[in-house]
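# Coordinate analysis (summary)
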Amino acid sequence: MSTAISKNIQEQSSTVLTLCKVARILLYVAMAIVIGLFIITFCHGENQAILGWHMADGTPITTAEFAKSFDVAEIGDLRSELMQVFIYHILALVMLKAVTRLFELIKNSENPFTAQIVKVMKTVAIVLGIVVGFDSLVVGLVVGFAVYAFAMIFEYGQDLQKQADETL
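Quantities reported herein were computed from a predicted structural model and do not represent experimental measurements. (Residues numbered from 1 in each chain as written. Predicted model: local features only at pLDDT ≥ 70, side-chain atom pairs only at ≥ 80, totals over all residues. Heavy atoms only, no water.)

In this section: the packing of helix H3 (residues 75-108) against helix H4 (residues 115-135). With their axes 9 Å apart at the nearest point, H3 and H4 run at an angle of 155° to one another. The orientation of H3 with respect to H4, classified from their angle, is roughly antiparallel. In the crossing of H3 with H4, the sense of the turn from one axis to the other is left-handed. On the side of H3, the interface is formed by Ile87, Tyr88, Leu91, Ala92, Val94, Met95, Ala98, Val99, Arg101, Leu102, Leu105 and Ile106, while H4 contributes Gln116, Ile117, Val120, Met121, Thr123, Val124, Val127, Leu128, Ile130, Val131, Phe134 and Asp135. Here the contact of H3 with H4 is composed, by residue class, of 20 nonpolar, two polar and two charged. (Axes fitted to C-alpha atoms, helices over the stretch in contact; angles between N-to-C directions. Helix = DSSP H or I, 4+ residues; strand = E, 2+ residues; numbered from the N terminus. Parallel < 35°, antiparallel > 145°, perpendicular 65-115°, else oblique. Left-handed = near helix turned anticlockwise from the far one by under 90°. Contact = heavy atoms within 4.5 Å. Nonpolar A, V, L, I, M, F, W, Y, C, P; charged D, E, K, R; others polar.)

Time to look at the nonpolar core. Counting 16 residues, the largest nonpolar core has Leu102, Ile117, Val120, Met121, Val124 and Val147 as the members making the most contacts within it. Among the secondary structure elements, those contributing two or more residues to this core are H3, H4 and helix H5 (137-167). For this core, the leading source of residues is H4, giving eight residues. Val124 has contacts with Ala98, Val99 and Val147, leaving out every residue within four places of it along the chain. (Core = buried A, V, L, I, M, F, W, Y, C linked by side-chain atoms within 4.5 Å. Buried < 20%, exposed > 50% of the residue type's maximum accessible area, 1.4 Å probe, protein only.)

What follows is about a nonpolar patch on the surface. Residues Met83, Ile87, Tyr88, Ile126, Ile130 and Phe134 make up a contiguous nonpolar surface patch of about 540 Å² in total accessible area. Put simply, the parts of the chain that give the nonpolar patch at least two residues each are H3 and H4. Tracing the backbone shows Met83 in helix H3. (Patch = residues over 30% accessible without salt bridge, like charges linked within 9 Å, V, L, I, M, F, W, Y side chains within 5 Å. Areas by Shrake-Rupley, 256 points an atom, 1.4 Å probe, with all protein chains shown as cover. Salt bridge = Lys/Arg side-chain N within 4 Å of Asp/Glu carboxyl O.)

Throughout the structure, instances matching the rule amount to one salt bridge. With a closest N to O distance of 3.4 Å, Glu155 and Lys122 form a salt bridge. With Glu155 in helix H5 and Lys122 in helix H4, this pair connects stretches of sequence that are 33 residues apart.

Here we take up the side chain of Ser109. Along the chain, the position of Ser109 falls in the loop between H3 and H4. Among the residues examined, Ser109 registers a relative accessible area of 17% and is labelled buried. Setting aside anything within four residues of it in sequence, one finds Ser109 in contact with Gln10 and Ile117.

Before going further, it helps to spend a moment on H5. The end-to-end C-alpha separation of H5 is 45 Å, in line with the 45 Å expected for 31 residues at 1.5 Å each. Buried residues along H5 sit against H4. (Expected span 1.5 Å × (residues − 1).)

This is how it looks when you write it as structure tokens:
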């Protein structure tokens, strides 16, 4: 691979790694908010005001009203919903970690067709399929298989690179 192409790939990988750090910070903040909301649902009774929160007309916001603002009928449903969101965020962090690892490998290698990169790409395909599958199983399978296909293309590129190296 030419030096100019390799340098360009490394620069783009650095940019993506910076974006991954920002995304990780945003996910941590979102997770903290979800945990805080989850804890609030246990700290107060159904008709008790939440931490001095009030509506625009001055009436206190109760736990039951708080649950209704999330389009759920009962506080138990809200807790379940918040727990699902928290699990979704954890899966997103796992996926982000795998993507970060992928771009670190690409940035630090002269050749993107390595066994490590292929392995991480396959991991990303599986985790991405699971995360997307939470919303739609069919779309999750399609996305997972599409990324897995790219991993197989990289695996083939690895074999070609190996053959080219052996020829020289």
